[in-house]
Amino acid sequence: MKKYIILLFLVFILSGCSSEYNLKVTSDKLEENIFMTIDKSMIDNEVISSEVEPDDQITPILKDDLYPMVSSSKIYNKEVTEDENNYYVKLNYEFTPDTYKNATALNTCFENHEYINQKDFYEIKLSGKFYCLYGDSMDINIDTPNIVKENNATTHSGDKYSWTINSSNVDNVDISIKILKKTKLANYITIALIGILLMTVVIGGLIISAKLSKRKNINEI
């Protein structure tokens, strides 16, 4: 049942009615946030309160636990709300740098997937066929306050890097990003400190040079 729910979740949520996949990367964690809107016309509301039918692909997403990692009992933090027309599903899970390699989306949706976690950086490389596109397009967003050393994002705005997968590239996806485990702010502070140190050395050198020059002039007199 667990495996069924994982695969069902991925096939629907990463392609479904209206959804967004976001990954926020910081120096010590990777936080996955998924927002999905499900049109109520896609499901018989009577089924929601009864036993799940074999061909019902939505009720398990609304009612059951969903798993962010393969071969793990950990579940998403899930919030489901609704209005007259739609169900709204919010999913959140916080990975450690070591556990993101087991992310269900990473391992199930991409033909080739590589996640590198080194002391000073993360690197994500995804390529080949994308198995979770069942709608017109899919946006993948990575947000980080850290220094991005390399990326091939389709669009970039502020700290947000985005890729779009659609019919034109679904069989040949190419996503790559290398993120340092150092924030831009920390980098600016380091640069500022180095600048201050250099200025101190230069000013100190000028003061010493002036004093030596003055002493030399006095000795000459």
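A brief look at the structure comes next. Keep in mind that this is a model prediction, so the values were computed, not measured. (Residues numbered from 1 in each chain as written. Predicted model: local features only at pLDDT ≥ 70, side-chain atom pairs only at ≥ 80, totals over all residues. Heavy atoms only, no water.)

## Some remarks on the overall build of the chain
Thought 1: What the chain contains, in helices and strands, is 5 helices and 11 strands.
Thought 2: When burial is assessed residue by residue, the chain has 37% of its 221 residues classed as buried.
Thought 3: When the accessible area of the chain is evaluated, it comes to approximately 13,100 Å², of which 52% is carbon and sulfur surface. (Helix = DSSP H or I, 4+ residues; strand = E, 2+ residues; numbered from the N terminus. Buried < 20%, exposed > 50% of the residue type's maximum accessible area, 1.4 Å probe, protein only. Areas by Shrake-Rupley, 256 points an atom, 1.4 Å probe, with all protein chains shown as cover.)

## Let's talk about the sheet that holds strand 5 (residues 110-117)
Each strand in a sheet pairs with another by means of backbone hydrogen bonds, the pair being arranged parallel or else antiparallel.
Thought 1: With respect to topology, 4 strands assemble into an open sheet ordered 5-6-11-8, the strand pairing being antiparallel. Strands with a single pairing partner mark the edges of an open sheet, and in this sheet they are strand 5 and strand 8 (146-151). The sheet shows a mean angle of 15° between the axes of neighbouring strands, direction not considered. (Pairing = 2+ DSSP bridges. Axes fitted to C-alpha atoms, helices over the stretch in contact; angles between N-to-C directions.)

## Observations regarding the pairing of strand 4 (residues 86-95)
Thought 1: Within strand 4, 7 of the 10 residues are buried, leaving the element largely enclosed by the surrounding structure.
Thought 2: With 10 bridges connecting them, strand 2 (residues 30-39) and strand 4 associate as antiparallel partners. Looking at strand 4, one finds that Thr37 is bridged to Tyr88.
Thought 3: In this antiparallel pair of consecutive strands, strand 3 (residues 77-82) and strand 4, the connection spans 3 residues.

## Observations regarding the environment of Leu133
Thought 1: Position of Leu133 among the secondary structure elements: in the loop between strand 6 (121-130) and strand 7 (137-143).
Thought 2: For the pair Leu133 and Asn166, spaced 33 residues apart in sequence, the C-alpha separation works out to 7.4 Å.

## Notes on the nonpolar core
Thought 1: Core analysis: the largest hydrophobic core is formed by 43 residues, its most contacted members being Tyr100, Phe110, Phe130 and Ile165.
Thought 2: Looking at this core element by element, the count peaks at 5 residues for strand 4.
Thought 3: When neighbours within four sequence positions are excluded, Tyr100 is seen to be in contact with Tyr21, Leu23, Leu30, Phe95, Leu106, Tyr115 and Ile124. (Core = buried A, V, L, I, M, F, W, Y, C linked by side-chain atoms within 4.5 Å. Contact = heavy atoms within 4.5 Å.)

## Some remarks on the packing of aromatic side chains
Thought 1: Tallying each qualifying case throughout the model produces 6 aromatic pairs.
Thought 2: Where Tyr76 meets Tyr93, the ring centres are 6.4 Å apart and the plane angle is 80°; that geometry is what we call edge-to-face. Remark: Tyr93 occurs in strand 4 and Tyr76 occurs in the loop between helix 3 (59-63) and strand 3; sequence separation between them is 17 residues. Like Tyr76, the residue Tyr93 is buried in the burial classification. (Phe/Tyr/Trp six-rings, centres within 6.5 Å; stacked < 30°, edge-to-face > 60°.)

## So, the pairing of strand 10 (residues 160-166)
When a strand is regular, its side chains alternate between the sheet's two faces.
Thought 1: Here strand 7 pairs with strand 10 via 7 bridges, running antiparallel. Looking across to strand 10, one finds that Ile140 is bridged to Trp163.
Thought 2: Here strand 9 (residues 155-157) folds back onto strand 10, and the loop between the two strands holds 2 residues, one of which, Gly158, carries a positive phi near 65°.

## Quick word on a nonpolar patch on the surface
Thought 1: A contiguous nonpolar patch, built from Met199, Ile203 and Ile207 and spanning about 300 Å² of accessible area, is present on the exposed surface.
Thought 2: Structurally, Ile203 is set in helix 5 (residues 184-220). (Patch = residues over 30% accessible without salt bridge, like charges linked within 9 Å, V, L, I, M, F, W, Y side chains within 5 Å. Salt bridge = Lys/Arg side-chain N within 4 Å of Asp/Glu carboxyl O.)

## Observations concerning the pattern of salt bridges
Thought 1: The final tally for this structure, using the stated rule, is 4 salt bridges.
Thought 2: Measuring nitrogen to oxygen at the nearest pair gives 3.4 Å for the salt bridge that ties Glu94 to Lys29. Here Glu94 is found in strand 4, whereas its partner Lys29 is found in the loop between strand 1 (18-25) and strand 2, with 65 residues between them in sequence.
Thought 3: Ionic pairing is found between Glu123 and Lys125, a salt bridge with its closest N-O pair at 3.6 Å.
Thought 4: You can call Glu123 buried: its relative accessible area is 11%.

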